[in-house]
Amino acid sequence: MIDLQGIHKSYPVGKGKLHVLKGIDLHIGAGEMVSIMGSSGSGKSTLMNVMGILDDYDEGEYLLDRHRIRNLSERKAAGYRNKLLGFVFQSFNLIPFKNAMENVALPLYYQGVPRRKRNEIALTYLEKVGLVDWAEHRPSELSGGQQQRVAIARALISEPKVILADEPTGALDTTTSYEVMAVLRDINREGTSIVIVTHEHDISHMTDRLIHLTDGRIESDEPVPSPVDPRSVAAAAPGVAESA
Amino acid sequence: MFDLDKWQEILDTIRANKLRTLLTGFSVAWGIFMLIILLGSGNGLANGIEYQFRDDAVNSIWVFGGQTSLPHRGLAPGRQIRFKAGDFAAVRDGVDGVEHITARYYPQGSLTVSYGSEYGTYDIRSVHPDHQYLEKTIVKNGRFLNEVDQEQFRKVAAIGQKVEQGLFKGRSSIGEYININGIPFKVVGTFEDAGSESENEKIYLPISTSERIFAGDKRYRNIMFTVGDAGLVESQGIAQDTRAVLAQRMRFSEDDERAVFVRNNVEEFQRFVSLMAGIRVFIWVIGIGTILAGVVGVSNIMMIVVQERTREIGVRKALGATPWSIVSLVLQESIFITAIAGYFGLVLGVFLLELVSENLPASDFFVNPNVNLQLAIVATVLLVTAGAIAGFFPARKAAGIRPVEALRDE
Ligand SMILES: Nc1ncnc2c1ncn2[C@@H]1O[C@H](COP(=O)(O)OP(=O)(O)O)[C@@H](O)[C@H]1O
Ligand SMILES: [Mg+2]
């Protein structure tokens, strides 16, 4: 699904440049659930941005679902982002003046789906993340966990092949983090590849494969021995089920 | 083309920024309002000037006798120049380009006019039949003076409608006889005049009859004629020819500016026309300047809006928004705000002009300030263009936003 070969990227800093990705080779297959860890500044977000076609790279080759991603026009990039990718951000990035349903429906707007139809679809995805009763609420009226679940529903609505989540639980407390992970796990079971950047070990142990990034290189890339089911942990924690 | 969703998007963002939108709109509305008021006032001024010229034919030349100021062929300066019938005929027959021509002769002393027991003093002008073209006299009943009256020295009169009202008290005057200094004149017609009220208080008599009856000084006050559709230069030539013909006949120097006075109304009118054109250009310059200021205001505010919405635009791009969808969002919002606000200013300006127009005390210099449909259309086109210009730079900035920059967590 995602094929990275010898990816290099540097940022211009002052007169010189900062070499951030120093030859990344990475293959992520369909239906995988992968976490990326690494110290701050190791290049995790940069890697995610390259994979998300939000940023370009200097060297190497990137195939996304067999499409070569290189020097794309903005239009084409927009198309791939819309059809193949779903994004979940640390700070949710919901549009403040739209309600939950409209936020979720937005990717379909860019596909030209008529308003009524896309709002209908948005409701089914809100149901999936357990927020159908909050459809008419603005983001500011939702808790952090709820906002992130709305964001996940939004990432899902275009039925992408890959979901890229950069520290999706970074702004959430432990219990809510597990709930969000439970939702992501369910999605993954339905066949969507998921890549999660995190610096929390318990989160990374809820994925099937763990990649360590150090100073722009992949230091290790191993399967997680026995992935934790976030639902079981969430259920064990008292009062979690209702805290939605 | 009509994308309901896009409008929904625009209304959403406008609703989210009510105050800012209001302030933006105000600057544009003000610009258009000012433009409309200025243009309307300009039209009022133009109408006023046109009104001034409505009294008389604008394609006319008036010649008045004066006093010689230069010695000429042994004649000392200081001679009075007064036209007589022969001079009139010389101009009529000797100057090319003369269309309708008349002289004016005023009998001396004040003449009383009466009908039955009704008396009045009215201005009595003795003229040639063509006079009606010079004054734009509009015959209401009967007819104006004609050549037969002139040739047969008929004692007939054409009277203004005010005269008829004054002497006949609502009855018809046609065929009745009025007395002028005791001499009966038959009323052959009544008229109204587009000019000022006093033009309706005149009595016209055939100049031949008048000369014979009121005797005394047989000199004319002035000679006046129209020049058809002669242009400015042509009319100036005709004026010059007239001067030459008279100079030859009456023996004064052609260079003697004071011997006869020639008023070329074509020239006068032309002067006002170019004055008006100047005023109009001035108004447009100011008006466009005001609108431009509004446009810059909108542009600035949209720029800030785009700046503030950087993250949102980044999110949209991450979700699959094409650059064009972002550009058109900003452009459309800009055009929408300017169009609505501008239209508001337009309507308000037109409304105010109407109000002024209706309540304005009668003035000859400022008449019926208004804007026409054509102008409203021009203003509307101007508005949409202005909106597009105002939105252009912000839209380009928005399209250039890179999602990575927008989405970076601080
Ligand atoms: N746009 C940029 N310009 C310059 N330097 C950048 C830019 N984005 C990231 N960096 C630098 O690149 C390095 C890697 O950043 P990032 O990928 O965000 O790391 P991580 O997400 O692993 O914390 C950091 O040193 C960061 O300061
Ligand atoms: Mg990061």
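Only a predicted model underlies this, so the values are computations on that prediction, with no experimental measurement involved. (Residues numbered from 1 in each chain as written. Chains lettered and ligands numbered in written order. Predicted model: local features only at pLDDT ≥ 70, side-chain atom pairs only at ≥ 80, totals over all residues. Heavy atoms only, no water.)

### Concerning the overall build of chain B
Across its full length, chain B carries 13 helices and 12 strands. Here chain B holds 410 residues, and 47% of them are scored as buried. Of the contacts made within chain B by residues no fewer than 6 positions apart, 78% connect residues no fewer than 24 positions apart. Element-wise, carbon and sulfur atoms account for 58% of the exposed surface of chain B, whose accessible area totals about 19900 Å². (Helix = DSSP H or I, 4+ residues; strand = E, 2+ residues; numbered from the N terminus. Buried < 20%, exposed > 50% of the residue type's maximum accessible area, 1.4 Å probe, protein only. Contact = heavy atoms within 4.5 Å. Areas by Shrake-Rupley, 256 points an atom, 1.4 Å probe, with all protein chains shown as cover.)

### Let's talk about the packing of helix α9 (residues 265-308) of chain B against helix α12 (residues 373-399) of chain B
Helix-helix packing: each pair is described by the crossing angle between the helix axes and the interaxial distance. All names here are of chain B. As a packed pair, α9 and α12 sit with axes 8 Å apart at the nearest point and diverge in direction by 30°. Once α9 is placed against α12, the crossing between them reads as right-handed. Where α9 abuts α12, its residues Trp284, Ile288, Ile291, Val295, Val298, Ser299, Met302, Met303, Val306 and Gln307 lie against Leu375, Val378, Leu382, Ala386, Ile389, Ala390, Phe393, Pro394, Lys397 and Ala398. Residue composition of the contact of α9 with α12, by class: 17 nonpolar, two polar and one charged. (Axes fitted to C-alpha atoms, helices over the stretch in contact; angles between N-to-C directions. Left-handed = near helix turned anticlockwise from the far one by under 90°. Nonpolar A, V, L, I, M, F, W, Y, C, P; charged D, E, K, R; others polar.)

### Section: the confidence of the model for chain B
Residues and elements named next belong to chain B. Summary statistics for chain B give a mean pLDDT of 83 and a share of 95% for residues scoring 70 or more. The least confident element of chain B, judged by mean pLDDT, is helix α1 (residues 4-16) at 78; the most confident is strand β7 (residues 156-160) at 91. This prediction of the complex comes with two scores: 0.69 for pTM and 0.90 for ipTM. (pLDDT = per-residue confidence, 0-100.)

### Things to note about the site of ligand 1
The environment of ligand 1 is formed by Tyr11, Leu18, Val20, Ser39, Ser40, Gly41, Ser42, Gly43, Lys44, Ser45 and Thr46 of chain A together with Arg408 of chain B. The local environment of ligand 1 is shared, drawing residues from chains A and B. Between Ser45 of chain A and ligand 1, the recorded distance is 2.7 Å, taken from a side-chain N or O atom to an oxygen atom. In this structure, Thr46 of chain A approaches ligand 1 through a side-chain N or O atom, which is 2.5 Å from an oxygen atom. Given that more than half its atoms are within 2 Å of the pocket grid, ligand 1 belongs to the largest pocket. Within the residue set of the shell around ligand 1, elements represented by two or more residues are β2 (16-28) and α1 (44-51) of chain A. With three residues, α1 of chain A is the largest single contributor of residues to the shell around ligand 1. (Near = heavy atom within 4 Å. Polar contact = N/O pair within 3.5 Å; in protein donor to acceptor, adjacent residues only side chain to side chain. 1 Å grid on protein atoms, 1.4 Å probe; cavity = no way out; pocket = protein on both sides within 12 Å on 5 of 7 lines; lining within 4 Å. Sits in = over half its atoms within 2 Å of the grid points.)

### Some points on unusual backbone geometry
All names here are of chain A. Positive phi values are uncommon outside glycine, yet Ile53 reaches one of about 55°. Structurally, Ile53 is set in the loop between α1 and β4 (59-64). Phi is positive for Asp65, which is not a glycine, with a value near 50°. For Asp65, the location among the structural elements is in the loop between β4 and β5 (67-68).

### Considering the packing of aromatic side chains
Residue and element names in this part refer to chain B. Going through the model one piece at a time under the given rule, you end up with 11 aromatic pairs over all chains. Aromatic pair Tyr105 and Tyr220: ring centres 6.4 Å apart, planes at 65°, arrangement edge-to-face. In this pair, Tyr105 is assigned in strand β2 (residues 101-105) and Tyr220 in the loop between α7 (207-214) and β11 (222-226), connecting sequence segments 115 residues apart. Tyr220 matches Tyr105 in its accessibility class, with the two residues each being buried. Here the aromatic residues Phe26, Trp30 and Phe33 are joined through ring pairs into a cluster of three or more. Cation over ring: Arg263 sits above Trp62, and NZ or CZ is 4.7 Å from the ring centre. (Phe/Tyr/Trp six-rings, centres within 6.5 Å; stacked < 30°, edge-to-face > 60°. Lys NZ or Arg CZ within 6 Å of the ring centre and 35° of its normal.)

### Overview of empty space enclosed by the protein
One pass over the full model with this rule turns up four cavities of 30 Å³ or more. Counted as a void, the largest cavity has a volume near 80 Å³. Lining of the largest cavity is provided by Lys98, Glu102, Ala105, Leu106, Tyr109, Arg115, Arg118 and Asn119 of chain A together with Gln8, Glu9 and Asp12 of chain B. Those elements giving two or more residues to the lining of the largest cavity turn out to be α3 (100-109) and α4 (115-128) of chain A together with α1 of chain B. Looking at which element gives the most residues to the lining of the largest cavity, the answer is α3 of chain A, with four residues. In terms of residue class, the lining of the largest cavity is made up of three nonpolar, two polar and six charged. The volume enclosed by the second largest cavity comes to roughly 60 Å³. In terms of lining, the second largest cavity is formed by Met302, Val305, Val306, Arg309, Ile313, Leu329, Val330 and Glu333 of chain B. Going through the elements one at a time, α9 and α11 (323-359) of chain B are the ones with two or more residues in the lining of the second largest cavity. Broken down by class, the residue content of the lining of the second largest cavity amounts to six nonpolar, no polar and two charged. (Points joined across faces, edges and corners; volume = space filled by probe spheres on them.)

### Considering the side chain of Ser35 of chain A
Relative to the helices and strands, Ser35 of chain A is located in strand β3 (residues 33-38). Residue classification places Ser35 of chain A among the buried residues on the basis of a relative accessible area of 0%.

### Observations regarding the nonpolar core
Residues and elements named next belong to chain A. Counting residues in each nonpolar core, the largest one holds 77 residues, and the members touching the most others are Ile2, Leu4, Leu47, Met51, Tyr62, Leu64 and Leu164. In contact with Leu4, not counting residues within four places along its chain, are Ile24, Asp25, Leu26, Leu47, Met51, Glu61 and Tyr62. The next biggest cluster of nonpolar side chains, apart from the first, holds 37 residues, and it includes Phe92, Ala105, Leu156 and Val180. (Core = buried A, V, L, I, M, F, W, Y, C linked by side-chain atoms within 4.5 Å.)

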